[in-house]
Each structure stands twice: as structure tokens, then as C-alpha cells.
There are 2 protein chains.
Amino acid sequence: MEIHGGNIYKEAKYLGLSVDEILDFSANINPLGIPESIKRNISLNINNLVNYPDPNCTELKNDISNYLNIDEESIIIGNGASEIIYLFLRILNPKKVLIPVPSFSEYTNITKQLGIDIEYFNLNESDEFKLDINSLIKNISEDTEAILICNPNNPTSTLLSREEIEALIEYAGKKNIYVIIDEAFIELTMGSNNNSIVGYMNKYSNLFIIRAFTKIFAIPGLRLGYGIGERQAVKKMWDKKLPWSVNNFACSIGNVFLEEKEYLDRTCEWLIKEKEWIYEHLSKINDLKVFVPKTNFVLIKLLNPNVNSRILKEKMLKRNILIRDASNFVSLDERFIRIAVKDRDSNIRLVKALQEIGG
Amino acid sequence: MEIHGGNIYKEAKYLGLSVDEILDFSANINPLGIPESIKRNISLNINNLVNYPDPNCTELKNDISNYLNIDEESIIIGNGASEIIYLFLRILNPKKVLIPVPSFSEYTNITKQLGIDIEYFNLNESDEFKLDINSLIKNISEDTEAILICNPNNPTSTLLSREEIEALIEYAGKKNIYVIIDEAFIELTMGSNNNSIVGYMNKYSNLFIIRAFTKIFAIPGLRLGYGIGERQAVKKMWDKKLPWSVNNFACSIGNVFLEEKEYLDRTCEWLIKEKEWIYEHLSKINDLKVFVPKTNFVLIKLLNPNVNSRILKEKMLKRNILIRDASNFVSLDERFIRIAVKDRDSNIRLVKALQEIGG
């Protein structure tokens, strides 16, 4: 499948640098780095690679069940959020999926790959790209059988309230439409799981939630995501899943929720401080329109007609800084870039470079 | 998907033991354990989990290309051999797949899951389960579009020569039938890659080969397999693949071929000695019919009518030894078990236990 995101390996090769030498603002990962308990678990489990992974991810399911207070039978584990989306769309096999855009490019890739029709609903820049549920509802066509929403949304960094999502689920339920909410970044919003719709799972049978360890614990390289849904749908997904797609290391890190409360607190503190800091400082740069971020990345519009996302990315790369050219998100163009919120030192470097280059 | 193999986690839980306390003869893994270079690579790469895996597995493809002297464009990398089989069957989408049985249960699972018809060709116990290519050819039906063969075959431990396979590929080519050869155990045969059909890749466009790191390097928990085929088919597989299904650690271990020549030599020495030793000693046990093994596992028939595979497995488990009840392989029954060839100490324990229990 084609990758639309930043491929740091390609960029590093292009620059003749090692991956470590690039300051990566293109991937939206918790800058606190990998929690110690995960590193320790991996070190201790290397010799256990001689065993096949537990195909049922028994322990991990139990850990997630305790973390979110949900039934184990409602949990499916997968190789990143991607496998979860893929499996769910495979078992649901909807005629058409409605996707508000811009949003995570993998939704389109996976849906197309499965031969499922897509309808896009354009978010308005004039509304700061915030999804208006009533407008969305008005635009649901007859053959729509699923709606796929990223919350908080990538790349717009907007957040829907639980009330807004509930209104949509209730309406959709009457029309036999599934609502899929991708909460990959939910723990990186102010309020974390309080913004999640997970607590409403038992109330709605047309709700499916996607989650991941990727962003919050900074481990995109390990491949671990999960889904939460109605038991029968989840069972079908387990039946369709390749049995060992989740590796042994990923299976073994579920204790991170219990052991890393302090890490999660520090994440919260960092987010409060740095999200505001970077928004404030980016907003002061001429020719940049900065959208208010609700999670750990910021969508930016380039107002200077002589600069576009490709040119700016090239210029930043010369300073060993990788930003996300957001032009290939459906409904965006070469006026848009996305940057991650990182640690203060890195954020200072980014802001300084953008000031000097001039948005 | 349902697992037909040994699930050591379930068995350990059932016995109230940790996984380490069970002597596992059910998984056919190189008993020399994980090569040091792989362990080192993992330890050194833990911090690199903050990056997404390279979706193209660039380095690994290069390492495999050098190892087997084949074009990079002919190589697809996947999450174990399972993902390779799945992807290949998905892009080929044959009307019907012909599978000689007994064979690896995942072939049936994956083929069924994709809604593809299966036709089985029964291997004869009277031929020691050796596949007779001429008989197979006579049994190819009109709508067969692919033949899936495990070589060496699991669970029979039989091996086809390259000449036999070539004869099949040539015949199949004329009928527009694809021949898929799963060589997951090829490096665990006497002669290793000299038994492989990889060198014939350029000669036939209807040949697809499945390989894995799993067995030879004892890393089923890491998830790494690959496929070798005609470039256009391989390209289609890359297009259909979820972009990050191969984790960072798996992507980084390709240097094992260069760095572990001594490990591969030791593997060869172990195999020569232990395969013969275990065959000889098992053959002496009353009421066991032992089939000559060509790779690192042995198929055994229980001749005592009062013992079946389930009973024997239970009895062995009481001695903390896990064997593979082979009754759920298509075309086998409760008369059959399979055991791995392990290190001498373990093999002695197995033989002793079987002697005492009495096949």
C-alpha cells in the first residue's frame, strides 16, 4: 500500500544522514519517548521469541480490559490501528463509507483496497475544520453503511465532544449505520480518556472504537493497536485475523498502564505546556495561519503565495528538520503543513527555523 | 482464525506452569536458539521503536537479495509466512487451490477465509506420505488454478527433489496453474538451500516461493517471512499489504545471514546428528511407527490401539513435555503425533518418556 505520511528512511537516505540525525516533526509521537517498563519488558522477553505469540493475546486483553473497564470479549488486538481498521471493514463490508476529510490517509487506502466505496464530507476551513455533526447528518446518502471519524482528527487537531459523537451515533443507529471512531490520539488530548467514547460502548451496538499504543507510548515501530466493539463483531474479527500478526513483544507490554502512571502524568504536563507554547509562538510568525490544536500536532496554512508545502519542507530538511507536507491529505493542498508538538528544545529549533525561513 | 497447532500458553495455564517450564516438542524450531546477532540487533534497536518501520523493508530486502542471489524486485516481506500466503492468494485469487495433505493447517485456514475453493490430494501412508508428482498431475481438475506444496512437508517431514518440483511446474505452466512452494523449513534439511527451488525462479513465471526466518533462526515470536516470485505479482502484493505489518526489529535483522555463518554450520552439524539419533531411538520403541524425517521434525504413528494422540499428549504433559497431537491435520487421525528434533538432552528426555509410557 502506498504511504502518504513522512517516510523518514527515504528522507534520511536522500540527505545522506542517519535517521537519528533528523529532527522529526512529521510523526505525531509522544516526545517523552518509550516508557521504561516497555523497554524493560522487551529486554527481558528477547529469549521468549522462540515461542509463537499467544494468538489470543490473553494477558494484553486482560490489561486493556482493566485499563478501560470494558469486557475482554469486546476487545480485538491487532498489528497497529491499521489492522484493526482493515479487519473491521472486512467483516462489516459496508456498501459505502462516509469519511469527513481531511483525515488520516490510511482510511482511504484501506477502504479502497477492500473495494469499498468512499464518500468524502469536506470539513470547512472557515469552521477551523471542526466537524459539524448536523451538516454531516444531512449529507449521509442512502447507501452509506459506515461513518469513519478520527477523534481527535488527524491532521486538523480538532476534537469532538462526547455529546456530539453520541448525537451522531443515535441518528446513525436508526439508519443501521455503523459509526467508527478512531481514538488513536485520545490520550494525547487535555482530559485524555475523559474525551473518549469508550464508556458508551454498552449503550450502542453500532459503535466501534479504534485505539493504539503507537502515539501515546511512542512505539510505532512495535505495531500494536486494538479495537473495542460489540462482542459478535469482535468475535468475527478474531476469526478473520491472521493468528500471529501481533508479535511477542507487543503481546507482553500491557502492564504499561499500571506501571507508567507517572509517565502518563508527565505526558499530561508536557502537553499542557508545549501545545500552548508552540501555538503561541507559531502564531506570531508572519504568513502562517495556525489552527488551534486540541492534540499533539498542529495544522498550519502557508499564506505567502511564493512558498508552498513542498518548498518549505525542502528548506526545513536542509536544516535537518522534517515536517509533514500535508498537501496529499484529501481536500487539502500545497498551502498546508502539519507539525508535531515535541519537547521544548526541539520546538524552539522548529520555531526559529520557520521564523528565519519565513512561512 | 482458529489455531490448530500447539498453543503453549494454553497448555502452560492448564498445567499451572510457566511457559519456560514446558519442554516444547510441538513447535519445530531450531533448538540452537536465537542467534546472538539477532539478540544484539534487538537490544540496540529498542530506542528506534519511536520510528515507524520502513514500509519497504529496504535493508532487509537487500540482505535477502544477497543471501539468495535474487532481484530485490522479486522479494515481498511479510508478518511471518502467513501474511505472505495470504497476500499471494489474495492477488492471485484462484478459482481453486489443490493442496496435498496432510500439510500445514494454515493453508486451509487462509484459503477458506478468502473464500477460495480447496481440493485436497491425499498422500499415501503406504508411500511414507511422499508426494508422487505423476499421481498429483493426474488429479489436477479443470478449475484448479494453484497448487500449494510445503517442501519439506509439515507434518510428514518428506522432501521433494528439485527435479520433481520442476516437472510439476513445467506441467502446470502449460495449464496456466501457479505452483506455490513453501520452503519455511528448507534451511533445516540436509543440504539446506541446495534443496531449494529459488535458483529456478527466473526460469518459471508460474512459480512462487514462501520462506521464513521463523524456523531456522528460532524466532516465531518476531514475525518475519518473505516470498519470492515474478516481479509483477510481487508488486501487486506490496500494493495490497498493510504498510507497517513488519515491525522495526524484524526489519533490522537481515545481517543475520552474513554474521551467523557459524550458527548455520552448527545447525547443520546438530541436524545431521540429532535427526539420525532421534529416528534411531524412536524406531526402537514398541508400538511406534516412525516415518523417516527429512527435516527437523518426525511424524509418528501410534500402533497400540489402546493409546491415541490425545491420551499420549496428556500423559506426556504430566511430564511437562508438549508433543503435537497430529489428529487435526487434514487426512490424519488420532493415530498420529509429531515431535520436533531438539538438542540431545531434550531428545533423551523425550525418548525416555515415550519408552516408559509406551507408545
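Residues numbered from 1 in each chain as written. Chains lettered and ligands numbered in written order. Predicted model: local features only at pLDDT ≥ 70, side-chain atom pairs only at ≥ 80, totals over all residues. Heavy atoms only, no water.

Before going further, it helps to spend a moment on the overall build of chain A. Helix and strand counts for chain A stand at 13 helices and 13 strands. With the principal axes as the frame, chain A shows a C-alpha extent of 55 × 55 × 35 Å. In chain A, buried positions account for 62% of the 359 residues. Sequence-distant contacts, at least 24 apart, represent 73% of the contacts inside chain A between residues at least 6 apart. Looking at chain A as shown, the accessible area adds up to about 13900 Å², and 45% of this sits on carbon and sulfur atoms. When the 43 positive and 48 negative side-chain charges of chain A are each reduced to one mean point, those points stand 3 Å apart. (Helix = DSSP H or I, 4+ residues; strand = E, 2+ residues; numbered from the N terminus. Buried < 20%, exposed > 50% of the residue type's maximum accessible area, 1.4 Å probe, protein only. Contact = heavy atoms within 4.5 Å. Areas by Shrake-Rupley, 256 points an atom, 1.4 Å probe, with all protein chains shown as cover. Lys, Arg positive; Asp, Glu negative; His and termini not counted. Charge placed at Lys NZ, Arg CZ, Asp CG, Glu CD.)

Turning to the relation of the copies chain A and chain B, a few remarks are in order. Overlaying chain A on chain B yields an RMSD of 0.0 Å, the required transformation being a rotation through 180 degrees with an accompanying axial translation of 0.0 Å. What the superposition gives is, in effect, a two-fold axis relating one chain to the other. The position closest to the rotation axis in chain A is occupied by the C-alpha of Ser43 of chain A, lying 3.3 Å away. Here 100% of the interface residues in chain A have copies in chain B that are interface residues too; the copies meet face to matching face. (Least-squares fit on C-alpha atoms with pLDDT ≥ 70 in both.)

Okay, helix H2 (residues 36-45) of chain A next. Residue and element names in this part refer to chain A. Three or more residues of H2 are buried, namely Ser37, Ile38, Asn41, Ile42 and Asn45. Projected down its long axis, H2 carries its buried residues within an arc of 135 degrees, all on one side. Exposed residues on H2 whose side chains face more than 90 degrees from its buried face are Glu36 and Leu44. (Arc of directions from axis to C-beta.)

To continue, consider the sheet that holds strand E9 (residues 288-290) of chain B. Residue and element names in this part refer to chain B. Strands sit in the order E9-E10-E13-E12 across an open sheet of 4 strands; the sheet is antiparallel. For this open sheet the edge positions go to E9 and strand E12 (324-325), each flanked by a neighbour on one side alone. In this sheet, strand E13 (residues 336-340) lies alongside E12 in antiparallel orientation, the contact comprising 2 bridges. Looking at the pairing, Asp325 lines up with Ile337 of E13. (Pairing = 2+ DSSP bridges.)

Let us look at the packing of aromatic side chains. Residue and element names in this part refer to chain A. This structure, assessed with the given rule, holds 29 aromatic pairs over all chains. Arranged with centres 4.8 Å apart and planes meeting at 50 degrees, the rings of Tyr52 and Trp244 form a pair that is tilted. Taken together, the positions of Tyr52 in the loop between H2 and helix H3 (58-68) and Trp244 in the loop between helix H8 (231-240) and helix H9 (248-251) put the pair 192 residues apart, joining distant regions of the chain. The residue whose ring lies beneath Arg338 is Phe297, and the NZ or CZ to ring-centre distance is 5.8 Å. Between Lys342 and the ring centre of Phe25, over which it is positioned, the NZ or CZ distance is 5.7 Å. (Phe/Tyr/Trp six-rings, centres within 6.5 Å; stacked < 30°, edge-to-face > 60°. Lys NZ or Arg CZ within 6 Å of the ring centre and 35° of its normal.)

Right, let's talk about the pattern of salt bridges for a bit. Residue and element names in this part refer to chain A. Per the stated rule, a full pass over the model turns up 42 salt bridges over all chains. In this structure, Glu262 and Arg266 form a salt bridge, with 3.0 Å as the shortest nitrogen-oxygen distance. Here the residue Glu262 and the residue Arg266 both occupy positions in helix H11 (residues 261-283), the gap between them amounting to 4 residues, near one helical turn. One salt bridge in this structure joins Arg319 and Glu356, with 2.6 Å as the shortest N-O distance. Note that Arg319 is positioned in the loop between helix H12 (309-317) and strand E11 (321-322) and Glu356 in helix H13 (residues 344-357), a separation of 37 residues in sequence. Here Glu356 falls in the partly exposed class, since its relative accessible area comes to 46%. In the salt-bridge network here, residues are joined through shared partners; they are Asp71, Glu73 and Arg231. (Salt bridge = Lys/Arg side-chain N within 4 Å of Asp/Glu carboxyl O.)

Further remarks concern the interface of chain A and chain B. At the interface, 53 residues of chain A touch 53 residues of chain B. In total, about 4500 Å² of surface goes out of reach between chain A and chain B, with carbon and sulfur atoms giving 61% of it. For the interface between chain A and chain B, the tally reads 0 salt bridges. At the boundary of chain A with chain B, the tally comes to 25 residue pairs in polar contact (both at pLDDT 80 or more). Breaking the side of chain A that touches chain B down by element, the ones donating at least two residues are helix H1 (8-15), H2, helix H4 (80-92), helix H5 (105-113), H8 and H9 of chain A. Element by element, the count of residues in the side of chain A that touches chain B is highest for H4 of chain A, at 4 residues. Each residue belonging to the side of chain A that touches chain B can be placed in one class, and the counts come to 26 nonpolar, 15 polar and 12 charged. (Buried area = accessible area lost by both parts, 1.4 Å probe. Polar contact = N/O pair within 3.5 Å; in protein donor to acceptor, adjacent residues only side chain to side chain. Nonpolar A, V, L, I, M, F, W, Y, C, P; charged D, E, K, R; others polar.)

Moving on, we get to empty space enclosed by the protein. By the definition in use, this model includes 7 cavities of 30 Å³ or more. The space that makes up the second largest cavity amounts to roughly 240 Å³. Surrounding the second largest cavity, 22 residues form its lining, Glu83 and Leu242 of chain A together with Glu83, Tyr86 and Leu242 of chain B being those nearest its centre. Broken down by secondary-structure element, the contributors of at least two residues to the lining of the second largest cavity are H4 of chain A together with helix H4 (80-92) of chain B. The leading source of residues in the lining of the second largest cavity is H4 of chain B, at 5 residues. Residue composition of the lining of the second largest cavity, by class: 7 nonpolar, 6 polar and 9 charged. (1 Å grid on protein atoms, 1.4 Å probe; cavity = no way out; pocket = protein on both sides within 12 Å on 5 of 7 lines; lining within 4 Å. Points joined across faces, edges and corners; volume = space filled by probe spheres on them.)

By size, the foremost hydrophobic cluster in this structure holds 246 residues, and its most contacted members are Phe213 and Leu282 of chain A together with Phe213 and Leu282 of chain B. When near neighbours in sequence (up to four residues on either side) are disregarded, Leu282 of chain A contacts Leu288, Val290, Val298, Ile300, Ile339, Leu350, Val351 and Leu354 of chain A. (Core = buried A, V, L, I, M, F, W, Y, C linked by side-chain atoms within 4.5 Å.)

Here the focus is the pairing of strand E13 (residues 336-340) of chain A. Residues and elements named next belong to chain A. With 5 of 5 residues buried, E13 is to be regarded as a mostly interior element. Side chains Phe336, Arg338 and Ala340 of E13 all project onto a buried face; the interleaved residues Ile337 and Ile339 project onto the opposite face, where all are buried too. Sheet analysis places strand E10 (residues 297-302) next to E13, joined by 5 bridges and oriented antiparallel. Among the inter-strand pairings, Phe297 is bridged to a residue of E13, identified as Ala340.

This part covers the pairing of strand E5 (residues 144-150) of chain A. Here is the key point about a regular strand: its side chains alternate between the two faces of the sheet. Residues and elements named next belong to chain A. In terms of burial, E5 is a largely internal element, 6 of the 7 residues being buried. Pairing of strand E3 (residues 96-101) with E5 involves 3 bridges; the strand directions are parallel. The residue of E5 that forms the bridge with Lys96 is Thr144. Bridging between E5 and strand E6 (residues 178-182) involves 5 bridges; their strand directions are parallel.

Turning next to the environment of Thr295 of chain B. Residue and element names in this part refer to chain B. Note that Thr295 resides in the loop between E9 and strand E10 (297-302). Distance from Thr295 to Asn28, taken between C-alpha atoms, is 9.5 Å for residues 267 residues apart in sequence. In terms of polar contacts, Thr295 uses its side chain to reach the backbone carbonyl oxygen of Leu188, at 2.8 Å.

So, on to unusual backbone geometry. All names here are of chain A. The linkage connecting Asn151 with the following residue, Pro152, adopts the cis geometry, with an omega of -5 degrees. In this structure, Pro152 sits in the loop between E5 and helix H7 (162-174). Positive phi outside glycine occurs at Cys57, with the angle close to 45 degrees. For Cys57, the location among the structural elements is in the loop between H2 and H3. Phi is positive for Asp287, close to 65 degrees, though the residue is something other than glycine. Relative to the elements of secondary structure, Asp287 occurs in the loop between H11 and strand E9 (288-290). Here Asp287 falls in the partly exposed class, since its relative accessible area comes to 37%.

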